[in-house]
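Structural overview
If you want the building blocks of each chain, they are given just below.
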Amino acid sequence: MRPERYNAREAEQKWQKIWAERATFQTHSDDPRAKYYVLEMFPYPSGRIHMGHVRNYAMGDVVARYKRARGFNVLHPMGWDAFGMPAENAAMQNKSHPAAWTYSNIDTMRGQLKSMGLSLDWSREIATCDPSYYKHQQKLFLDFLAAGLVTRKKSKVNWDPVDHTVLANEQVVEGRGWRSGAIVEQRELTQWFFKITDYAEDLLKALDGLDRWPEKVRLMQRNWIGRSEGMLVRFAIDPASAPQIATEAGAQELEIYTTRPDTLFGAKFMALAPDHPLAAAAARHDPKLQAFIEECKRVGTSLAAIETAEKKGYDTGLRVIHPFDPTWRLPVYVANFVLMDYGTGAIFGCPAHDQRDLDFVNAYGLGVTPVVCPPGVDPGSFVIEKEAYDGDGTMINSRFLDGMTIEDAKKEIARRLEAQSLGNRPQGKRQVNFKLRDWGISRQRYWGCPIPIIHCEACGVVPVPAADLPVVLPEDVSFDLPGNPLDRHPTWKHVACPQCGGKARRETDTMDTFVDSSWYFARFTDPWNETAPTTPAIANHWLPVDQYIGGVEHAILHLLYSRFFTRAMRRCGHLALDEPFAGLFTQGMVVHETYRHPEGQWIAPAEVRVEAGTDGRRAILIEGGVEIEIGPIEKMSKSKRNIVDPDDIIATYGADTARWFMLSDSPPERDVIWTEAGIQGATRQTQRLWRLVCEIERIVGAGRPTMPTAFSAEAHEIRQAAHRALAKVEDEVEQLRFNVCIATIYELSNILGAAVGAIEKSEIADDLRFAFAEAGDILVHLFAPMMPHLAEECWSVLGHETLVAESAWPIADRALIVQSQITIPVQVNGRKRADLTIDRDADVKTVEAAALALDAVRRALDNRPPKKVIVVPQRIVNVVI
Ligand code: ANZ
Ligand code: ZN
């Protein structure tokens, strides 16, 4: 007797062991089958996997297992994005070494992933913190440097004076360091940059070809790259306005960038970034301006800081002359909303058609003149008060532009400014600008990939010779002081110059961890190559990744950096393609109810019992029995404690059930709400499928029937249902609509369950046995990608000696499933001559005509009319001659 209940814990361990022993998921690059590369974003080894990982990896695994069954040579690797701050923070808190902390987390998480039964090729595992990985990254840095894709320049950074470190903009919270709470300073540091801006135009254009990427991600990248077409315009400074400043700064003119030169006659003021050189010159004569500038810098110059801050300015006293009217003077302000590193760091403000400018003039009383009138509005009565107008329209109040469209006005202004000169040069020039900035990769951190550079007093910047790679992180470091331990290390940085042999010191900055994740997908193609980052022929065979799956939080940086890296690696001969990810899917989050104690603290779901009361649901604290508040459903997070632990779930319900629930409950791009009721429902489904397969096995019995020539109606219906589900799942899984696949599987299992229940006789005809056997196989194949352990168990129950993971996907008979059609035999004088496939509800006349038109029948008739035609609708046709 088979056990009534399926024991997930036993079965899962058993099958995982068998897959590992048989190396079922190891992939070889020289396999002649067509390749398919499926990849999920690799995890940061923070300590334990969370339910978001379970969802992400369950999805990737469905694709991998499905494609494998379809005959592809599937590459499905896993690794660890293992450098980064948390390891250093842990080191500071627990006096442990970042490497020890990281590798022990990797061990834990590898075990957890293995318990999920993922079809991964573990032989390709990589950790970015391992010298065998970052050695090649250092080589890539050197190659990029030689190719002119790396520069070193001064740049402004957020400096935390307590932690002695640079902070990313995201780590500055209300002007303070996120860890130390210290007021962040702006510092100029010399840093290393990757020249991603060299590829700005190409990275933008190529987005059009990424048709298997979500449109929202492409849009986010487009906005981030931020291409705009505009003009550089130079305004003469009125020398009379502030003679001292003008002379001292050596400036006779102010250059601005604008995308709206058509609005020049609506200009009311000029504005400089607080760190514009002219602002600094003016501030030397005006302590109040100096104070204003410092205040602006404190708030921060990040985009977010600027957008939220109130628009503020300070009049420098300088005046400029309007390019089309020598008598028109415009005041020059320093303003907190102008950025130094965009355009020229200076603007002209046109309040009528730009909201920021409008807010600004309303605060400083500078007036508003509309110059674009919306269609159908009377120009005489068109006024602007609180809301700027940035729509289409006709030029007004603009002298020679009046009556033109915006586009024509832009052209006319460009033509005139290019023809007109200021100081022997055209006063204006057309210019394309990008928001995208070069990628600063220097981090004053220990736990990152060392930048392979040596600074020599005599030779300057000297690359570490390739033969000396890797530059390995020293192990004996201490974290008891703030700042970069590499810098403090007594010996590590002191080296001889590779060029002159003189005294030199190593670069002590390490690379941004985004560098590590910008090429790992290429390394997976041949992680065994010890001499080069990739083996180009192999990388070109596997890449691009056919299906990449991960969180939308990486829509910009990680995905853009990887696209840049692929281009740069191509330039240096490491591979031969531009786009690393042909298909991208961004999955939704795992969310859960929150629970809060009346005293305010958050309570974990495991400590709560939720009851269905008469007036809705109530949450009770298990220990103590107090009723607590049920809060909103939110992303699982440590701070809200609304977390369920994958280990607990897998121990209680099994990996298959957890995977099934994750995939079943909502479309994969949406958030999934984790509920106790949901996982229990999935458990019942698991058991139902198990019992159904056991029943099917009892019906089929030993010895599989061969395919009969004819099927009874019951058998036909079973076959149809199975093939219909098969075809449907094929179509849906290609679209990653896993929830629809699961609904389809339920539907099939319901039909099969009913068919099993309808069987009464102990003698079962062969055609029905065949139909059940076939449908049982199909059913198991259909859920195998989602519940692989249960599928193996069922597969062996059905009498197979193979593994379902190693078996070919069944072939859907799509002709069989066209329900509106039916195939009936056609006899001539009682002997079958042909099959006729025809609409199920065709009338007798139509069936007769179609039968007589069949080749076999016409040959038999040989131009004579039949004596009689007998049609039994939906059964048979007999032609008597
Ligand atoms: C005058 C004007 C009139 C503008 C108008 C807009 C509307 P995008 O499209 O993002 O490139 N700008 C230029 N440099 C700036 C800087 N460093 N900091 C802040 N703002 C700056 O935006 C270009 C527009 O943003 C430019 O066009 C300029 O304002 C402003 F009705 O010039 B405009
Ligand atoms: Zn030297």
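See the structure printed just above.
What counts as what
Residues numbered from 1 in each chain as written. Chains lettered and ligands numbered in written order. Predicted model: local features only at pLDDT ≥ 70, side-chain atom pairs only at ≥ 80, totals over all residues. Heavy atoms only, no water. Helix = DSSP H or I, 4+ residues; strand = E, 2+ residues; numbered from the N terminus. Buried < 20%, exposed > 50% of the residue type's maximum accessible area, 1.4 Å probe, protein only. Contact = heavy atoms within 4.5 Å. Lys, Arg positive; Asp, Glu negative; His and termini not counted. Charge placed at Lys NZ, Arg CZ, Asp CG, Glu CD. Pairing = 2+ DSSP bridges. Axes fitted to C-alpha atoms, helices over the stretch in contact; angles between N-to-C directions. Near = heavy atom within 4 Å. Polar contact = N/O pair within 3.5 Å; in protein donor to acceptor, adjacent residues only side chain to side chain. Areas by Shrake-Rupley, 256 points an atom, 1.4 Å probe, with all protein chains shown as cover. Nonpolar A, V, L, I, M, F, W, Y, C, P; charged D, E, K, R; others polar. 1 Å grid on protein atoms, 1.4 Å probe; cavity = no way out; pocket = protein on both sides within 12 Å on 5 of 7 lines; lining within 4 Å. Points joined across faces, edges and corners; volume = space filled by probe spheres on them. Disulfide = S-S within 2.5 Å. Arc of directions from axis to C-beta. Donors = N, O, S within 2.8 Å, 3.2 Å for Na, K, Ca; no water. Tetrahedral: all angles 85-135°; square planar, octahedral: opposite > 155°, others 65-115°. Parallel < 35°, antiparallel > 145°, perpendicular 65-115°, else oblique. Left-handed = near helix turned anticlockwise from the far one by under 90°. Salt bridge = Lys/Arg side-chain N within 4 Å of Asp/Glu carboxyl O.

**What to know about the overall build of the protein chain**
- Across its full length, the protein chain carries 27 helices and 39 strands.
- For the protein chain, the spread of C-alpha atoms along the principal axes amounts to about 115 × 75 × 70 Å.
- Here the protein chain holds 881 residues, and the buried ones make up 53% of them.
- A separation of at least 24 residues holds for 72% of the contacts in the protein chain among residues at least 6 apart in sequence.
- Across the protein chain, the mean location of the 102 positive side-chain charges is 3 Å away from that of the 116 negative side-chain charges.

**Quick look at the sheet that holds strand E37 (residues 831-839)**
- In spatial order, the strands read E37-E36-E39-E38; together these 4 strands make up an open sheet with mixed pairing. This sheet does not close on itself; its edge strands, each paired only once, are E37 and strand E38 (868-872). This sheet shows a mean twist of 20° between the axes of neighbouring strands, independent of strand direction.
- Alignment of strand E36 (residues 821-828) against E37, held across 8 bridges, turns out to be antiparallel. Paired with Thr823 across the bridge in E37 is Thr837.

**What to know about the site of ligand 1**
- The local shell around ligand 1 holds 18 residues, among which Ser228, Thr258, Leu339, Tyr342 and Lys435 are the closest.
- Thr259 is positioned such that a nitrogen or oxygen atom in its backbone is 3.0 Å from an oxygen atom of ligand 1.
- Protein contacts shield 87% of the accessible area of ligand 1, which totals 640 Å² for the unbound molecule.
- Going through the elements one at a time, strand E11 (253-258) and strand E15 (346-349) are the ones with two or more residues in the shell around ligand 1.
- In terms of residue class, the shell around ligand 1 is built from 8 nonpolar, 6 polar and 4 charged.

**Remarks on the sheet that holds strand E29 (residues 584-587)**
- Strand order in the open sheet formed by 4 strands is E2-E1-E28-E29, with parallel pairing between adjacent strands. Edge positions in the sheet fall to strand E2 (73-75) and E29, since each has one partner strand and no second. Taken over all neighbouring pairs, the strand axes of this sheet differ in orientation by 20° on average, direction set aside.
- Strand direction decides the pairing type here: strand E1 (residues 35-40) and strand E28 (residues 547-551), joined by 3 bridges, are parallel. Bridging across to E28, Val38 finds its partner in Gln547.

**Concerning the layout of surface pockets**
- Looking at the second largest pocket, its volume works out to about 860 Å³.
- Around the second largest pocket, the lining comprises 26 residues; the ones closest to its centre are Phe711, His716, Ile822, Thr823 and Ile824.
- For the lining of the second largest pocket, the class distribution of residues is 11 nonpolar, 8 polar and 7 charged.

**Here's the deal with the state of the cysteines**
- According to the stated counting rule, one finds 0 disulfides in the structure shown.
- Summary of cysteine pairing: Cys129 is not part of a disulfide, and the nearest cysteine sulfur, belonging to Cys449, is at 11 Å.
- Take Cys129: its relative accessible area is 4%, and that puts it in the buried class.

**Things to note about the environment of Gly71**
- Mapped onto the elements of the fold, Gly71 is located in the loop between helix H2 (51-69) and E2.
- With a relative accessible area of 34%, Gly71 lands in the partly exposed category.
- With 735 residues separating them in the primary sequence, Gly71 and Glu806 have C-alpha atoms 9.7 Å apart.

**Side note on helix H12 (residues 355-364)**
- Taken as a whole, H12 has its buried residues at Asp357, Leu358, Phe360 and Val361. Buried residues in H12, looked at end-on, bunch into an arc of 160°, giving them a common side.
- As for H12, its buried residues are in contact with strand E12 (269-272), strand E13 (313-322), strand E14 (325-335) and E15.
- At the N-terminal boundary of H12, the capping side chain belongs to Asp354, with an oxygen 3.0 Å from the backbone nitrogen of Arg356.
- Looking one or two places after H12, you find Gly365, whose phi comes out positive at around 65°.

**Section: the coordination of the zinc ion (ligand 2)**
- Coordination of the zinc ion (ligand 2) by the protein involves Cys456 (SG), Cys459 (SG), Cys497 (SG) and Cys500 (SG), with metal-donor separations of 2.1 to 2.4 Å.
- Metal-centred angles of 105 to 114° between the 4 donor atoms at the zinc ion (ligand 2) mark the site as tetrahedral.
- Every donor residue of the zinc ion (ligand 2) comes from the same chain, spaced as C-x2-C-x37-C-x2-C.
- You can call Cys456 buried: its relative accessible area is 7%.

**Quick look at the packing of helix H24 (residues 766-783) against helix H25 (residues 788-797)**
- Between H24 and H25, whose axes approach to 8 Å, the crossing angle comes to 165°. Classified by the interaxial angle, the pair formed by H24 and H25 is roughly antiparallel. For the pair H24 and H25, the sense of crossing is left-handed. Here Asp777, Val780, His781 and Phe783 of H24 come into contact with H25, specifically with Leu790, Ala791, Cys794 and Trp795.
- Considering only residue class, the contact of H24 with H25 consists of 6 nonpolar, 1 polar and 1 charged.

**Thoughts on empty space enclosed by the protein**
- Taken as a whole and judged by the stated rule, the model has 1 cavity of 30 Å³ or more.
- For the largest cavity, the calculated volume is near 120 Å³.
- Residue lining of the largest cavity: 13 residues in total, with Arg65, Ala69, Ala784, Val804 and Ala805 positioned closest to the centre.
- Listing elements by their share of the lining of the largest cavity, those giving two or more residues are H2 and H25.
- Considering every element that reaches the lining of the largest cavity, the biggest residue donor is H2, with 3 residues.
- Looking at the lining of the largest cavity residue by residue, the class counts come to 8 nonpolar, 2 polar and 3 charged.

**A closer look at unusual backbone geometry**
- A cis geometry characterises the amide bond from Leu469 onward to Pro470, with omega recorded as 0°.
- Note on placement: Pro470 falls in the loop between strand E24 (460-463) and helix H14 (485-488).
- Residue Pro544 is reached from Leu543 by a cis peptide bond, and omega for that bond is 0°.
- Tracing the backbone through its elements, the reader meets Pro544 in the loop between helix H17 (536-542) and E28.
- Phi angles above zero are rare outside glycine, and Ala23 is one such case at about 50°.
- Mapped onto the secondary structure, Ala23 falls in the loop between helix H1 (8-22) and E1.

**Thoughts on the pattern of salt bridges**
- Scanning all chains against the criterion turns up 56 salt bridges.
- The closest approach of N and O atoms between Arg110 and Asp107, which form a salt bridge, is 3.0 Å. Of this pair, Arg110 and Asp107 are both found in helix H4 (residues 98-115), 3 residues apart, which corresponds to roughly one turn of the helix.
- Given the relative accessible area of 47%, Asp107 is considered partly exposed.
- Where Glu634 meets Lys640, a salt bridge forms, and the shortest distance between an N and an O atom there is 2.7 Å.
- Residue class for Lys640 comes out partly exposed when judged on its relative accessible area of 22%.
- Through salt bridges that share partners, Arg70, Glu730, Asp731 and Arg814 make up one connected network.

**Examining the environment of Asp487**
- With respect to the helices and strands, the residue Asp487 is situated in helix H14.
- Sequence separation between Asp487 and Val472 is 15 residues, and the spatial gap between their C-alpha atoms is 14 Å.
- Once residues within four sequence positions are removed from consideration, Asp487 is found in contact with Lys493 and Thr508.
- Of the polar contacts made by the side chain of Asp487, one reaches the side chain of Thr508; its length is 3.1 Å.

**Focus: the side chain of His353**
- Structurally, His353 can be placed in the loop between E15 and H12.
- Only 3.1 Å separates the side chain of His353 from the backbone nitrogen of Val372, close enough to count as a polar contact.

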